[in-house]
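Structure assessment
Given next are the chains, with one letter for each unit.
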Amino acid sequence: MIARALILVARAWQVGPSRILPPTCRYAPSCSAYAITALARYGALKGGWLALKRIARCHPWGGCGHDPVP
């Protein structure tokens, strides 16, 4: 139930602010798509933790490229 709520938040980001802001994704898939997959696959705790770690890596000195959900 919590994972579904978090997925809705990620979907709201995809159809809301991310459409207005310029594309700056360093990873493929995007952080929101990664979060949705991680939450659906692992649930709120582990999926949320994976999503937070991914978002924390998304900065100018972080990595880039293909980074699928484990």
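By convention here, each chain's residues receive numbers from 1 onward along its written sequence. Local features are withheld for residues below a pLDDT of 70 in this predicted model, meaning they are given only at 70 or higher, and side-chain atom pairs are given and counted only at 80 or more; totals for whole chains, interfaces and linings count all residues. The basis for every side-chain value is the complete set of heavy atoms in the structure, and neither hydrogens nor water enter the calculation.

Our next topic: unusual backbone geometry. Among all residues save glycine, negative phi is the norm, and among peptide bonds the norm is trans. Between Ala-28 and Pro-29 the backbone carries a cis peptide bond, its omega angle lying at 0 degrees. To qualify as a helix, a DSSP run of H or I must reach at least 4 residues; to qualify as a strand, a run of E must reach at least 2; elements of each kind are numbered from the N terminus. Residue placement: Pro-29 occurs in the loop between strand 1 (27-28) and helix 3 (31-57).

Turning to the pattern of salt bridges, a few remarks are in order. Put simply, a salt bridge is a Lys or Arg side-chain nitrogen that is within 4 Å of an Asp or Glu carboxyl oxygen. According to the stated counting rule, one finds two salt bridges in the structure shown. Residue Arg-54 pairs with Asp-67 through a salt bridge whose shortest N-O separation is 3.6 Å. Remark: Asp-67 occurs in the segment after strand 2 (65-66) and Arg-54 occurs in helix 3; sequence separation between them is 13 residues. Exposure categories follow from relative accessible area, calculated using a 1.4 Å probe and restricted to protein chains: below 20% of the type maximum is buried, above 50% is exposed, and the middle band is partly exposed. Using a relative accessible area of 0% as the deciding quantity, one classes Arg-54 as buried. Where Asp-67 meets Arg-57, a salt bridge forms, and the shortest distance between an N and an O atom there is 2.4 Å. Here Asp-67 is found in the segment after strand 2, whereas its partner Arg-57 is found in helix 3, with 10 residues between them in sequence. Residues participating in the shared-partner salt-bridge network are Arg-54, Arg-57 and Asp-67.

Two aromatic rings, taken as a pair, are described by how far apart their centres are and by the angle between their planes. The pairing test for Phe, Tyr and Trp rings, Trp by its six-membered ring, is centres within 6.5 Å, and the orientation test on the planes gives stacked under 30 degrees, edge-to-face over 60, and tilted for anything in between. Going through the model one piece at a time under the given rule, you end up with zero aromatic pairs. In this structure, Lys-46 is placed above the aromatic ring of Tyr-42, and the distance from its NZ or CZ to the ring centre is 4.5 Å. For a Lys NZ or an Arg CZ to count as sitting over a ring, it must be within 6 Å of the ring centre and within 35 degrees of the ring normal.

With that settled, the discussion passes to the confidence of the model for the protein. Parts of the prediction with low pLDDT should not have their coordinates interpreted in detail. pLDDT: the predictor's confidence for each residue, scored from 0 to 100. For the protein, mean pLDDT is 92; residues scoring 70 or higher make up 100% of the total. When mean pLDDT is compared element by element in the protein, helix 3 scores highest at 95, while helix 2 (residues 17-20) scores lowest at 90.

Turning our attention to the side chain of Asp-67. For Asp-67, a relative accessible area of 18% corresponds to the buried category. Not counting residues up to four positions away in its chain, the partners in contact with Asp-67 are Tyr-27, Ala-28, Pro-29, Tyr-34, Arg-54 and Arg-57. Contacts are residue-level and defined by heavy atoms, with any inter-residue pair within 4.5 Å sufficient.

The next thing to look at is the environment of Ser-18. Along the chain, the position of Ser-18 falls in helix 2. In sequence terms Ser-18 and Val-69 are 51 residues apart; their C-alpha atoms lie 21 Å from each other. Polar contact is the term for a pair of N or O atoms within 3.5 Å; when the atoms are in protein, one must be able to donate a hydrogen and the other to accept it, and sequence-neighboring residues count only if both atoms are side-chain atoms. Engagement of the side chain of Ser-18 in a polar contact is seen with the backbone oxygen of Trp-13, the distance being 3.0 Å.

To continue, consider helix 1 (residues 2-15). The α-helix winds at 3.6 residues per turn, so residues separated by three or four positions along the chain end up facing the same way. To estimate how far a helix should extend, the number of its residues minus one is multiplied by 1.5 Å. Compared with the 20 Å implied by 1.5 Å per residue over 14 residues, the 20 Å span of helix 1 between its first and last C-alpha is a close match. Those residues of helix 1 that fall on the buried side of the exposure criterion are Ala-3, Ile-7, Ala-10 and Gln-14. Axial view of helix 1: buried residues confined to an arc of 60 degrees, hence all on one face. Opposite the buried face of helix 1, by more than 90 degrees, sit the exposed residues Ile-2, Leu-8, Val-9 and Val-15. Turning to helix 1, the residues buried within the fold contact helix 2 and helix 3. The arc under discussion is defined with respect to the helix axis, by the directions toward the C-beta atoms.

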